[in-house]
Amino acid sequence: MLFKDTRQLALTFFDSISQSSLHVYHSALPLTPTNCLLRKYFQAELTGKPAVVHGQGSNWDGCVRTIEIGGAVCSMAFSPTDSVIASASAKHGAQLWDTTTGVNIVTLGPPQKPSAPICFSPSGTRVALAFESGLVAVWDSSTAQPLINNDECHRDPVTSLNFSPNNTTLASASRDKSIRLWHVETGKTLHRLLHEDPVLCLAFSVDTKIIVSGCQGGLCFTWDVESGQLLRKLRGHSESVNAVAISWNGVSIASGSDNKAVRVWDSKTGVCMRTYAKGHKGGVIYVRFTPDNSRLISVCRKYVVVSWTLSSHKSFDVLWSAIDYVKKMTSHTLPWLGTAIKLMPTGLAVHVFNMAVESIEQTHFNIGYSPDSSSFTLSLGGFVIYSTSWPIHNSPPSFIASADTTALNLTSDGSQVASGNVRGSIQLWDSSLAMKKWSELSDSFRTVFDLISSSSDGNRHLIEQNCDLVLLGPRAEVIKKLSWSEYQETECLFSENSYTFACCSEIKLRLNDDAKALRVYKSLTGDRLFRVVVGKPQQIALSPDGTLISCAHDKGVLEVWDVLSGKSLHKFPHDSVQCIRFTPDNSQIACGTPNGKVHLWDLHTGDSLAVIEHGTDGISCLSFSPDSNRLAYGCGNGSLHFCYPLPTGMRHTLIPSSEDSTDPLKLVLFSPDGTTINCRTSEGTFYAIKVPAELLESGIKSDDEPTPGSSSSSVQCDICKPAPGQTPSSADSPADSIAPNPHIKFMSDKSTVRDAMFRSDYEVRFDGWVYNGDRRILWLPAPFRPRNPFRFHAYKDMLAIMKASGGLFINLAPIEYRNRDLGP
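The structure reproduced in this document is the subject of the present report. Quick caveat, the model's predicted, so the values are computed rather than measured.

Thoughts on the overall build of the protein chain
Stage number 1. The secondary structure content of the protein chain amounts to nine helices and 64 strands.
Stage number 2. A burial count over the protein chain gives 54% of its 824 residues as buried.
Stage number 3. Long-range pairs, those at least 24 residues apart, make up 46% of the contacts in the protein chain with a sequence separation of at least 6.
Stage number 4. As presented, the protein chain carries roughly 34,400 Å² of accessible surface, and 51% of it is formed by carbon and sulfur atoms.

Written as structure tokens, this is what we have:
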């Protein structure tokens, strides 16, 4: 057991240990599961190391390696020796990776959108990939030398790609109504097999003498590989044939169609011997013979996996059904849900069930298999269901992946599962570490939560756990749980002084309810201070001291309430609101609109103080300076603007707009001294802007001062103006950075994650290293890293990280190496 733990630790923390051996103790041991024998044996070594105060797992999750490929994974394939895995993505094309170290061996390219799964030849010496452009690419896996003559490719997207079992031939099927047979060594076209309709699938026989194909018109064809001659047309399906297979003994051919039927044909005579249709709920997308040729596995679009006995006309088993699986999973992980549904009115219960079924229909479903088809793996969303024996519909999912799975594959012996996801990573799972009981899944769900918001002082956190809204303390201790039934689709935020927090959540008592409840609570205890029912809220905001709350709702009103008395103070008219902000002294309120206006109102009199006409770009975020006399706002085009003095001062452009910008500003905040504006974009780029000294001098106003209620004048700072003939985005700067600007004092890369509220210098970099300024602190494996740029909160020495499988709170205060950077 100690050896097994050591192997898992070495594989999981390989990257950090290979760079600095000290991180065996500083990064690996603190993040090792609590029940591991290795951790218990070296418990004394944890003194003075980072401490996980909440979210530490009790056992290894089965993920032995995470490979970041840099783009959503379209398909994967293991080499015959299982030492290399090939990946395909639209961003990077074909790439080869070492399965032990995760190191990139070679990038084969080209960067196009693949249309057929990547595959190795049976010998492992060739890799093939096809694209929507009709291009077919084959490379030597050891030299990366391209082999196929690209001038003879298809005119339309390639739908299927297969090497012959004897390694000599590659077959590509296309929507251009043809199949091409290529000689692997020379790259020349051997035959072009013409069809009557777009070709959707193909398969070789084990002896490489026959190839079978299926078409959109419902026909199947068999061809002689050596001569390229058509042997037979197999008629019987009334709709598209999506999948074909040839039995291992070459006797039978199977075809699956959109008409929900599977047909089994005699490969010599072309006679249909069996038709199987009863077990499918939708079009058949996958067929495969078992190695002993006794059964046929089929998969339909409604997530039903069926096993057919070939010796019988009717005998079949539903091996796995997504609907049954979700019911089983829910009953084990959320037992209260069944009770809640029973207490609902019949109409509402039916509505909830239909919503659940609809969500399953929209979930990614994938299937992978070992080369000999003896082992299969399935995925439904973020769950990977692995099995080497059937049936599996009563079994728990073996692993929980970090994101929606887009591709699956198995090693030749079934010992490892590879899952690729939309986030651009491949996870390798050790099947021996799979969950065996439903109780293991239930236990893991109890520890999983999602961080919704954190207070400015870092002492309170709002999380969602098992559909409950929970208030946590600074060490992730539970302060109060709030009822799940009141907090569906919840939006939460804390006041700037951290004294109160507000929640805006859907009320679902009847089918036609479309209202939301706005509530305010004490952060210290979780006691409720205020509640009001509103229509469809667009935005909410708390005043810095937490005594006022505002909400822009669908009645065309921006309403302000006093939290303690519950009294409505003001109703300001508006068309639509994208952001709201109070001044620090509670004297004014501002809102930004999607049509490029900033409205400023006086909270004492209710009068309109100014309307800043920006233009057609929507106002995405607002912030007031600590003295309430300056306003900064960001736009959907990435530009940043500064208004001073309020309410009717000059507008200055600090970051100009860019025609190429697709990354709007999401948050702007003034520093405590008001001299710096911190910004965050929607994609997670962080940067700090130094306000020019001349804009901080008192008394600066435009020559033509606007009157109250009118638009302010606008100028662009001289040093921000582009040179003549130069657009704001044209400069010698990185493609994803903002145009060069002397006011930018700091700027992060999009792959670097920083504290969402600018409270700390801690950051998590793309390679997993946690830095404080320029000092390296510890290393996080890929499953422990924030799953998006807004799921990392840092205050003083406490890190709150929302990883894919839940929350992780790490206390860095015990670190004894305060004056040393661990590692080179």
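Digging into the pairing of strand 21 (residues 272–276)
Stage number 1. Here strand 20 (residues 262–266) pairs with strand 21 via four bridges, running antiparallel. Paired with Val-262 across the two strands is Tyr-276, which belongs to strand 21.
Stage number 2. Between the end of strand 20 and the start of strand 21, which pair antiparallel, lie five residues, with Gly-270 showing a positive phi angle near 80°.

Quick notes on the environment of Thr-100
Stage number 1. Its location among the elements puts Thr-100 in the loop between strand 5 (93–98) and strand 6 (104–107).
Stage number 2. Taking the C-alpha atoms as reference, Thr-100 lies 9.3 Å from Phe-14; in sequence the two are 86 residues apart.
Stage number 3. Beyond its immediate stretch of four places on either side in the chain, Thr-100 contacts Leu-11 and Arg-65.

Focus on a nonpolar patch on the surface
Stage number 1. On the surface, a cluster of nonpolar side chains totalling about 470 Å² of accessible area is made up of Met-1, Leu-2, Leu-37 and Tyr-41.
Stage number 2. Overall, the relative accessible area of 70% leaves Met-1 in the exposed class.

Section: the sheet that holds strand 26 (residues 365–369)
Stage number 1. In spatial order, the strands read 26-27-28-29; together these four strands make up an open sheet with antiparallel pairing. Single-partner strands in this sheet number two, and they are strand 26 and strand 29 (399–400).
Stage number 2. Taken together, the two bridges between strand 28 (residues 383–387) and strand 29 define a ladder with antiparallel strand orientation. Within strand 29, the residue paired with Val-384 across the bridge is Phe-399.

Side note on the pattern of salt bridges
Stage number 1. In total, this model carries 16 salt bridges according to the counting rule given.
Stage number 2. Here Glu-196 and Lys-233 are joined by a salt bridge, their closest N and O atoms 2.5 Å apart. Here Glu-196 is found in the loop between strand 13 (189–194) and strand 14 (199–204), whereas its partner Lys-233 is found in strand 17 (residues 230–234), with 37 residues between them in sequence.
Stage number 3. A salt bridge links Asp-761 to Arg-754; the shortest N-O distance between them is 3.7 Å.
Stage number 4. With relative accessibility at 48%, the residue Asp-761 sits in the partly exposed group.
Stage number 5. Each of Arg-754, Asp-761, Glu-763 and Arg-765 takes part in a single network of salt bridges with overlapping partners.

Details of the packing of aromatic side chains
Here a ring pair, both rings aromatic, is described through the centre-centre distance and the interplanar angle of the planes.
Stage number 1. In the structure shown here, the tally under the stated rule is 19 aromatic pairs.
Stage number 2. Aromatic side chains Phe-642 and Phe-670 sit 6.3 Å apart centroid to centroid with 55° between the ring planes, which places their arrangement in the tilted category. Here Phe-642 is found in strand 51 (residues 640–644), whereas its partner Phe-670 is found in strand 53 (residues 665–670), with 28 residues between them in sequence. For the pair shown, Phe-642 and Phe-670 are each scored as buried.
Stage number 3. Positioned over the ring face of Trp-769 is Arg-776, at 3.8 Å from the centre of the ring.

Concerning the environment of Asp-797
Stage number 1. Here Asp-797 lies in the loop between strand 62 (792–795) and strand 63 (798–803).
Stage number 2. Owing to a relative accessible area of 27%, Asp-797 belongs among the partly exposed residues under this scheme.
Stage number 3. With 747 residues separating them in the primary sequence, Asp-797 and Pro-50 have C-alpha atoms 9.7 Å apart.
Stage number 4. Within the local environment of Asp-797, its side chain forms a polar contact with the side chain of Tyr-762, the two groups lying 3.1 Å apart.

Digging into the sheet that holds strand 24 (residues 304–309)
Stage number 1. Sheet architecture is open: four strands sit in the order 22-23-24-25, paired in antiparallel fashion. Whereas interior strands pair on both sides, the edge strands pair on one side only; in this sheet they are strand 22 (284–289) and strand 25 (316–321). Taking the axes of each pair of neighbouring strands and ignoring which way they run, one obtains an average angle of 20° across the sheet.
Stage number 2. Note: strand 24 against strand 25, five bridges, orientation antiparallel. Pairing of Val-304 across the sheet is with Ser-321, part of strand 25.

Comments concerning the nonpolar core
Stage number 1. Membership of the largest hydrophobic core comes to 30 residues, with the highest contact counts inside it found for Ile-118, Val-136, Leu-161 and Leu-170.
Stage number 2. Mapped onto this core, the elements with two or more residues apiece are strand 4 (84–89), strand 5, strand 7 (114–120), strand 8 (126–131), strand 9 (136–140) and strand 10 (158–163).
Stage number 3. If one sorts the elements of this core by residue count, strand 8 sits on top with five residues.
Stage number 4. Trp-60, Val-753, Leu-780 and Leu-808 belong to the second-largest nonpolar core, a separate cluster that totals 27 residues.

Focus on the pairing of strand 15 (residues 210–215)
Stage number 1. In terms of residue burial, strand 15 counts as a mostly covered element, since five of its six residues are buried.
Stage number 2. Here strand 14 pairs with strand 15 via five bridges, running antiparallel. If you follow Ala-203 over to strand 15, its bridge partner there is Val-212.
Stage number 3. Turn length for the strand 14-strand 15 hairpin, with the two strands adjacent in sequence and antiparallel, is five residues, and the turn residue Thr-208 shows positive phi of about 65°.

Calculation notes
- Residues numbered from 1 in each chain as written.
- Predicted model: local features only at pLDDT ≥ 70, side-chain atom pairs only at ≥ 80, totals over all residues.
- Heavy atoms only, no water.
- Helix = DSSP H or I, 4+ residues; strand = E, 2+ residues; numbered from the N terminus.
- Buried < 20%, exposed > 50% of the residue type's maximum accessible area, 1.4 Å probe, protein only.
- Contact = heavy atoms within 4.5 Å.
- Areas by Shrake-Rupley, 256 points an atom, 1.4 Å probe, with all protein chains shown as cover.
- Pairing = 2+ DSSP bridges.
- Patch = residues over 30% accessible without salt bridge, like charges linked within 9 Å, V, L, I, M, F, W, Y side chains within 5 Å.
- Salt bridge = Lys/Arg side-chain N within 4 Å of Asp/Glu carboxyl O.
- Phe/Tyr/Trp six-rings, centres within 6.5 Å; stacked < 30°, edge-to-face > 60°.
- Lys NZ or Arg CZ within 6 Å of the ring centre and 35° of its normal.
- Polar contact = N/O pair within 3.5 Å; in protein donor to acceptor, adjacent residues only side chain to side chain.
- Axes fitted to C-alpha atoms, helices over the stretch in contact; angles between N-to-C directions.
- Core = buried A, V, L, I, M, F, W, Y, C linked by side-chain atoms within 4.5 Å.

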